[in-house]
Amino acid sequence: MAAPLSVEVEFGGGAELLFDGIKKHQVTLPGQEEPWDIRNLLVWIKKNLLKERPELFIQGDSVRPGILVLINDADWELLGELDYQLQNQDNILFISTLHGG
């Protein structure tokens with residue numbers, strides 16, 4: 001069984017508006033059978049942090065196009081995207097590149 005993890009989840013570029021305007025969230029993910037990965041984290045975020053309009057953040061089992069994801073300041077595409085296994089004290093930053101005009 002994987003131990004609980006403490007991670008920092010941040011939202012920027014307007015994405016924070018979907019989370020009551022709160023940019024930084026220090027969260028403790030509960031222990032579970034499988035190791036925590038980004039795919040599981042997105043499900044947890046949707047259930048526990050997302051306050052409105054999930055279609056602007058989630059599409060299918062991933063983030064919608066236009067949301068940049070950085071893990072410890074590195075592009076998630078370099079780290080395996082949804083399959084990246086979270087480590088204790090990781091920082092996951094979601095930045096919306098979609099802006100109204």
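Keep in mind that this is a model prediction, so the values were computed, not measured. (Residues numbered from 1 in each chain as written. Predicted model: local features only at pLDDT ≥ 70, side-chain atom pairs only at ≥ 80, totals over all residues. Heavy atoms only, no water.)

On to the confidence of the model for the chain. Close inspection of predicted coordinates is inappropriate for parts of the model with low pLDDT. Across the chain, the average pLDDT comes to 94, with 97% of residues at 70 or higher. Considering each helix and strand of the chain separately, the mean pLDDT is smallest for strand β3 (residues 58-59), with a value of 96, and largest for strand β6 (residues 74-75), with 98. (pLDDT = per-residue confidence, 0-100. Helix = DSSP H or I, 4+ residues; strand = E, 2+ residues; numbered from the N terminus.)

Turning our eyes to something else, we now look at the nonpolar core. As a rule of thumb, nonpolar side chains are buried together in soluble globular proteins. Membership of the largest hydrophobic core comes to 29 residues, with the highest contact counts inside it found for F11, L29, I38, I45, F57, L86 and F94. The contact partners of I45, leaving out residues within four places of it in the chain, are V9, F11, F19, L50, F57 and F94. (Core = buried A, V, L, I, M, F, W, Y, C linked by side-chain atoms within 4.5 Å. Buried < 20%, exposed > 50% of the residue type's maximum accessible area, 1.4 Å probe, protein only. Contact = heavy atoms within 4.5 Å.)

A few words now on unusual backbone geometry. A positive phi angle is found at R53, which is not glycine, with a value near 45 degrees. Mapped onto the elements, R53 comes out in the loop between α1 (38-48) and β3. One non-glycine residue, D73, lies in the positive phi region at around 70 degrees. Among the structural elements, D73 can be located in the loop between β5 (67-71) and β6. With a relative accessible area of 67%, D73 lands in the exposed category.

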